[in-house]
Amino acid sequence: GRAEDGIQQARVQWQLYGSEHPAEQVGLGLSALLLLELVREVVAAGGDERPYPRDAYDPDAARAFFVRRPLEVLARAVELGVRSAGFGGALLSDWLAGPAALEANAEERALQLAKVLTALGPTFIKAGQSASIRTDLLAPPYIRGLTSLQDQVPPFPTDEATALIREELGEAEGVEALLDSLSAEPVAAASLGQVYRGALPDGTPIALKVQRPRMARQIALDMLLIREVLAPLASAVGLPGDLVGTADAWGEGFVAELDYSAEAANAALFNANVRQGQLSGSVFAPPVVEGFSSRRVLT
């Protein structure tokens, strides 16, 4: 349940508190304490409520959801601040030293930023990937640095993936045989999910994509902070463009990607259209196994 999720997150934060990054220890320790308080907050708020009730990006709904969960917001804000403090301090030092230092250290800072975004989790990895093509917002060294995010995404534990697959597919016939066939580790990991190799009960080889646990809630909270805190701050220091609008566009895309059933429907439509043209038989999307697919699992 939600309480168990909060306890597990707190344990992870305490492990990080004792990590090899002493500059982060105090902030992460505070974040862990806040997460312990979050357990009571979540239980009191009601565990069945969702930040996006319509399963679509909605900043107003997310704001209303998290305004009743201030400790959850504060814990995440503390974590974001602590994890990005080193990069921010280095960038400030370059700025104080002058334009020559900013230019000379840009490549190094860009790689540092990529590492920070990876540590901050899937939402920020996706944001970095989206920003890596925005030459109107970022200098070339940062464009190059953020492209590394395309293949620097750590996987999440296989036992969590297995639990989510069981939750999504329920009592469908053959689920246990499918799970037994999956590779011990994912063959690929992306910002929102990861892929395992396996086989259907009849032996047909398949690839199974499973979403990261609690992604909708994590994206909702992170996008709220990006939209209402980070975007205004970036505008205040001179970053050009409608950054709140950019954040909303990212949020719409991120949340849409969480619906694997829509992805399955798009694949079926693509195959139907291709079959009517000259590419029939040579170009196709892998067929979706409907009985072993859902909103968060795609086979």
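Right above here is the structure, for reference.
No experiment lies behind these values; they were computed from the predicted model shown. Counting of residues starts from 1 at the beginning of each chain's written sequence and follows it residue by residue. Residues qualify for local features only when their pLDDT is at least 70, as the model is predicted, and side-chain atom pairs are given and counted only at 80 or more; totals for whole chains, interfaces and linings, by contrast, use all residues. The side-chain quantities take in all heavy atoms of the structure and omit both hydrogens and water.

(A) Geometry of the sheet that holds strand S1 (residues 188-189). A pair of strands counts as paired when DSSP detects no fewer than two bridges linking them. Secondary structure counts use DSSP, requiring at least four H or I residues in a row for a helix and at least two E residues in a row for a strand, with both numbered from the N terminus. Reading across the sheet, the four strands line up as S1-S2-S3-S4 and stay open at both edges, with antiparallel pairing between neighbours. Strands with a single pairing partner mark the edges of an open sheet, and in this sheet they are S1 and strand S4 (297-298). The pairing of S1 with strand S2 (residues 193-199) spans two bridges and is classified as antiparallel. Bridge pairing in S2 links Ala 188 to Val 195. Against the sheet, helix H9 (residues 158-169) makes contact with S2, strand S3 (205-211) and S4, and its axis sits at roughly 95° relative to S3, the strand it touches most. By definition, residues are in contact when any of their heavy atoms lie within 4.5 Å. Only the stretch in contact is used when fitting a helix axis, every axis being a line fitted to C-alpha atoms; angles between N-to-C directions are given from 0 to 180 degrees.

(B) Structural detail: helix H12 (residues 243-257). With 15 residues, H12 ought to run about 21 Å at 1.5 Å a step, and its terminal C-alpha atoms sit 21 Å apart, in line with that. Within H12, burial applies to Leu 243, Thr 246, Ala 247, Asp 248, Trp 250, Gly 251, Phe 254 and Val 255. Structurally, H12 contributes buried residues whose contacts are with helix H3 (59-66), helix H7 (122-131) and helix H11 (215-236). Given a helix with a known number of residues, its expected span is that number minus one, times 1.5 Å. Only protein chains enter the area calculation, which uses a 1.4 Å probe; residues under 20% of their type maximum are buried, those over 50% are exposed, and those in between are partly exposed.

(C) Spotlight on the pattern of salt bridges. Basic side-chain nitrogens of Lys or Arg form a salt bridge, by our definition, when they fall within 4 Å of a carboxyl oxygen of Asp or Glu. Scanning the entire structure with this criterion turns up 18 salt bridges. Arg 217 is the partner of Glu 72 in a salt bridge, and the nearest nitrogen-oxygen pair spans 2.8 Å. Placement of Glu 72 in helix H4 (residues 70-97) and of Arg 217 in helix H11 is noted, with a sequence separation of 145 residues between them. Taken individually, Glu 72 and Arg 217 each receive the classification buried, so the pair is uniform in this respect. For Arg 296, the salt bridge goes to Glu 168, with nearest N and O atoms at 3.0 Å. Taken together, the residues span a long stretch of sequence, with Arg 296 in the loop between helix H13 (260-275) and S4 and Glu 168 in helix H9 at a distance of 128 residues.

(D) Geometry of H11. A rise of 1.5 Å per residue sets the reference length of H11, with its 22 residues, at 32 Å; its end C-alpha atoms lie 30 Å apart and thus fit the reference within 8%. Two axes define the bend at a residue: one fitted to the seven residues ending there, one fitted to the seven starting there, and the bend is the angle between them. Of all the bends found along H11, the most pronounced is centred on Ile 226 and spans about 40°. Of the residues trailing H11, Gly 238 is marked for its positive phi of about 105°.

(E) Fine view of the environment of Ile 219. Within the secondary structure layout, Ile 219 lies in helix H11. For Ile 219, a relative accessible area of 0% corresponds to the buried category. Distance in space between the C-alpha atoms of Ile 219 and Gly 251 is 7.9 Å, their sequence separation being 32 residues. Apart from the residues lying within four places of it in its own chain, the contact partners of Ile 219 are Tyr 52, Thr 123, Leu 192, Phe 254, Val 255 and Leu 258.

(F) How the structure looks around a nonpolar patch on the surface. Exposure above 30% relative accessible area and no salt bridge define the residues that can form patches, which grow by joining like charges within 9 Å and nonpolar side chains of Val, Leu, Ile, Met, Phe, Trp and Tyr within 5 Å. Here the Shrake-Rupley method, with its probe set to 1.4 Å, supplies the accessible areas, and only the displayed protein chains count as covering residues. Together, Leu 92, Trp 95, Leu 96 and Leu 102 make up an exposed nonpolar region whose accessible area comes to about 450 Å². Looking at the nonpolar patch, the element that brings in the most residues is H4, giving three residues. Overall, the relative accessible area of 61% leaves Leu 96 in the exposed class.

(G) Focus on the packing of H7 against H11. For the pair H7 and H11, interaxial distance at closest approach is 9 Å and the crossing angle is 55°. Considering their axes alone, H7 and H11 lie oblique with respect to each other. Contacts between H7 and H11 involve Pro 122, Thr 123 and Phe 124 from the former and Met 215, Gln 218, Ile 219, Asp 222, Met 223, Ile 226 and Leu 230 from the latter. Split by residue class, the contact of H7 with H11 holds seven nonpolar, two polar and one charged. Roughly parallel covers angles under 35 degrees, roughly antiparallel covers those over 145, roughly perpendicular covers 65 to 115, and oblique covers all other angles. Each residue is assigned to one of three groups, with Ala, Val, Leu, Ile, Met, Phe, Trp, Tyr, Cys and Pro labelled nonpolar, Asp, Glu, Lys and Arg labelled charged, and all others, Gly among them, labelled polar.

(H) Local environment of the side chain of Arg 296. At 3.1 Å, the side chain of Arg 296 and the side chain of Glu 167 are in polar contact. What Arg 296 contacts, discounting residues up to four positions off in sequence, is Leu 164, Glu 167, Glu 168, Lys 209, Val 210, Gln 211 and Tyr 260. Definition of a polar contact: a pair of N or O atoms within 3.5 Å, with one able to donate and the other able to accept a hydrogen when the atoms are protein atoms, and with sequence-neighbouring residues admitted only if both atoms are side-chain atoms.

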